[in-house]
Amino acid sequence: LDLDLQVATEQALGAVAGDERGAVVVLDPRTGDLLAMASAPRFDAAEFIEGVPTQRWRDFYLAEPARPTMNRATLGQYAPGSTFKIIDAIALLEAGLDPRAVLTVQPNPENPTKGRYLLGKRSIGDTAPPGTYDFRRAFIRSSNSYFIDHSLRLGWERLLSWGARFGLGQRTGIGIAESPGDFPDLDAIEQRGWNSGNLANVSIGQEITLTPLQLAVAVGAVANGGTVFWPRLVDRLEPQNPLSATPVVRFPARQVRTQIQARPESFEVVRSAMRDDVLDPEGTGKAARIEG
């Protein structure tokens, strides 16, 4: 962990007003090293030195939904929402999606400023406006209609197989308690009786859950061009006594879990769109832009 970054991350989480819960994971995509990992709400470990009073334990540590002792970075299971479109995009491009091809999204009669997608008789509302979308614009505007339309053609097998390659639905091997989330395989899809409506939902990050750490590892692989690392939290363990004969235990960096076999152009197209999501005035992430 980078101490300065860890402190800044915890301070930022702690500055959020109200009873919000969440986590931050900062990962170096070149090595798989964790630079910061924080969960909110926090608790003071010093309270445990002399024992936590029963009332305090009941009112704070066991209180729902706060549960401060749960590390949400590794145990929190969340619907990834539109962040899943990063992985979906790689799957679509590798299946032959032409990023220049245009899809026209129709207006939603109930809210003409937004688009909608018709799946049979079901109307799926969009957060993006109606209009024409190539891949880049669909990504930076986070057009649900675009990703639903193309993912329905992609199908369950290819979408799920690409997610599995990035480690979705699997523990990362971090070495502390973590959840695998819920990213089903084809057998689970069949058992659940999921259909095209569920596929539409999954393609925009609904009905599945990931941990923040899982997502960070997966997006790190997109950033570095396809290397899925085993994330590393600890560099080495040293004995407290420098004169001790106990050997130093080292945890090597850059331990590769999987090498994603995808074209470099696919990664570049997605990375370019991720950058423009922040830099372009139309991008949903423009509030995160930092000049320079």
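Up top is the structure.
Everything numeric in this text was worked out from a predicted model, so none of it was measured.

Enquirer: Please clarify how helix H9 (residues 196-203) should be interpreted in this entry.
Expert: Because an α-helix completes one turn every 3.6 residues, residues spaced three or four positions apart along the sequence face the same direction. The buried fraction of H9 is high, at seven of eight residues. Looking only at H9, the buried set comprises Gly197, Asn198, Leu199, Ala200, Asn201, Val202 and Ser203. At its buried positions, H9 is contacted by helix H4 (85-94), strand S4 (111-119), strand S5 (122-125), helix H6 (144-154) and helix H7 (156-165). For H9, the capping residue at the N-terminal end is Asn195, with a side-chain oxygen 2.9 Å from the backbone nitrogen of Gly197.

Enquirer: What exactly am I supposed to notice about the packing of aromatic side chains here?
Expert: A full pass over the atoms with the stated rule returns eleven aromatic pairs. For the ring pair Phe43 and Phe48, a centre distance of 5.8 Å and an interplane angle of 70° mean the geometry is edge-to-face. Owing to a relative accessible area of 34%, Phe43 belongs among the partly exposed residues under this scheme. Judged by its relative accessible area of 37%, Phe48 is partly exposed. Through pairs of rings, three or more aromatic residues link up here, namely Phe43, Phe48, Trp57, Phe60 and Tyr61. Seen from the ring of Phe60, Arg56 lies directly overhead, with NZ or CZ sitting 4.1 Å from the centre. Sitting over the face of the ring of Trp194, Arg192 holds its NZ or CZ atom 5.0 Å from the ring centroid.

Enquirer: Would you explain the layout of surface pockets in this entry?
Expert: One water molecule sets the probe size; rolling that probe over the atoms shows where empty space is left. Within this model, the largest pocket holds a volume of roughly 540 Å³. Lining the largest pocket are 19 residues; nearest its centre among them are Thr83, Ile86, Leu215, Val219 and Met274. No other element matches helix H10 (residues 212-224), which puts five residues into the lining of the largest pocket. Here the residues of the lining of the largest pocket sort into twelve nonpolar, five polar and two charged.

Enquirer: Looking at this structure, I do not really get the packing of H4 against H10. What am I missing?
Expert: Packed helices, taken two at a time, are described by their axes: the angle between them and the distance between them. Across the interface, H4 lies against H10 with an axial gap of 10 Å and an inter-helix angle of 45°. Our classification of the angle between H4 and H10 gives oblique. When the axes of H4 and H10 are compared, the crossing they make is left-handed. Side by side, H4 and H10 meet where Ile86, Ile87 and Ile90 of the first sit next to Ala218, Val219 and Val222 of the second. Classifying every residue of the contact of H4 with H10 by side-chain character gives six nonpolar, no polar and no charged.

Enquirer: I would appreciate a short explanation of the packing of H4 against helix H11 (residues 264-279) in the present structure.
Expert: Contact geometry of H4 with H11 gives a least axis separation of 9 Å together with a crossing angle of 145°. For the element pair H4 and H11, the recorded crossing hand is right-handed. Where H4 approaches H11, its residues Ile86, Ala89, Ile90, Leu93 and Glu94 are matched on the opposing element by Ser266, Phe267, Val269, Val270 and Met274. For the contact of H4 with H11, the per-class residue count stands at eight nonpolar, one polar and one charged.

Enquirer: Help me understand the sheet that holds strand S3 (residues 103-108) in this model?
Expert: In sheet architecture, strand pairing relies on hydrogen bonds along the backbone and comes in two forms, parallel and antiparallel. Strand order in the open sheet made by the four strands is S5-S4-S3-S6, with antiparallel pairing throughout. Each of the sheet's edge strands pairs with one partner strand only, and the pair in question is S5 and strand S6 (131-133). For this sheet, the mean angle separating the axes of adjacent strands, direction not counted, is 50°. As paired strands, S4 and S5 are joined by four bridges and run antiparallel to one another. Bridged to Leu119 within S5 is Arg122.

Enquirer: Explain the environment of Ser143 here, please?
Expert: Positionally, Ser143 belongs in the loop between helix H5 (135-140) and H6. Judged by relative accessible area, Ser143 falls into the buried class, the value being 0%. A C-alpha to C-alpha distance of 17 Å links Ser143 and Leu154, two positions eleven residues apart in sequence.

Procedures and definitions
Residues numbered from 1 in each chain as written. Predicted model: local features only at pLDDT ≥ 70, side-chain atom pairs only at ≥ 80, totals over all residues. Heavy atoms only, no water. Buried < 20%, exposed > 50% of the residue type's maximum accessible area, 1.4 Å probe, protein only. Helix = DSSP H or I, 4+ residues; strand = E, 2+ residues; numbered from the N terminus. Contact = heavy atoms within 4.5 Å. Polar contact = N/O pair within 3.5 Å; in protein donor to acceptor, adjacent residues only side chain to side chain. Phe/Tyr/Trp six-rings, centres within 6.5 Å; stacked < 30°, edge-to-face > 60°. Lys NZ or Arg CZ within 6 Å of the ring centre and 35° of its normal. 1 Å grid on protein atoms, 1.4 Å probe; cavity = no way out; pocket = protein on both sides within 12 Å on 5 of 7 lines; lining within 4 Å. Points joined across faces, edges and corners; volume = space filled by probe spheres on them. Nonpolar A, V, L, I, M, F, W, Y, C, P; charged D, E, K, R; others polar. Axes fitted to C-alpha atoms, helices over the stretch in contact; angles between N-to-C directions. Parallel < 35°, antiparallel > 145°, perpendicular 65-115°, else oblique. Left-handed = near helix turned anticlockwise from the far one by under 90°. Pairing = 2+ DSSP bridges.

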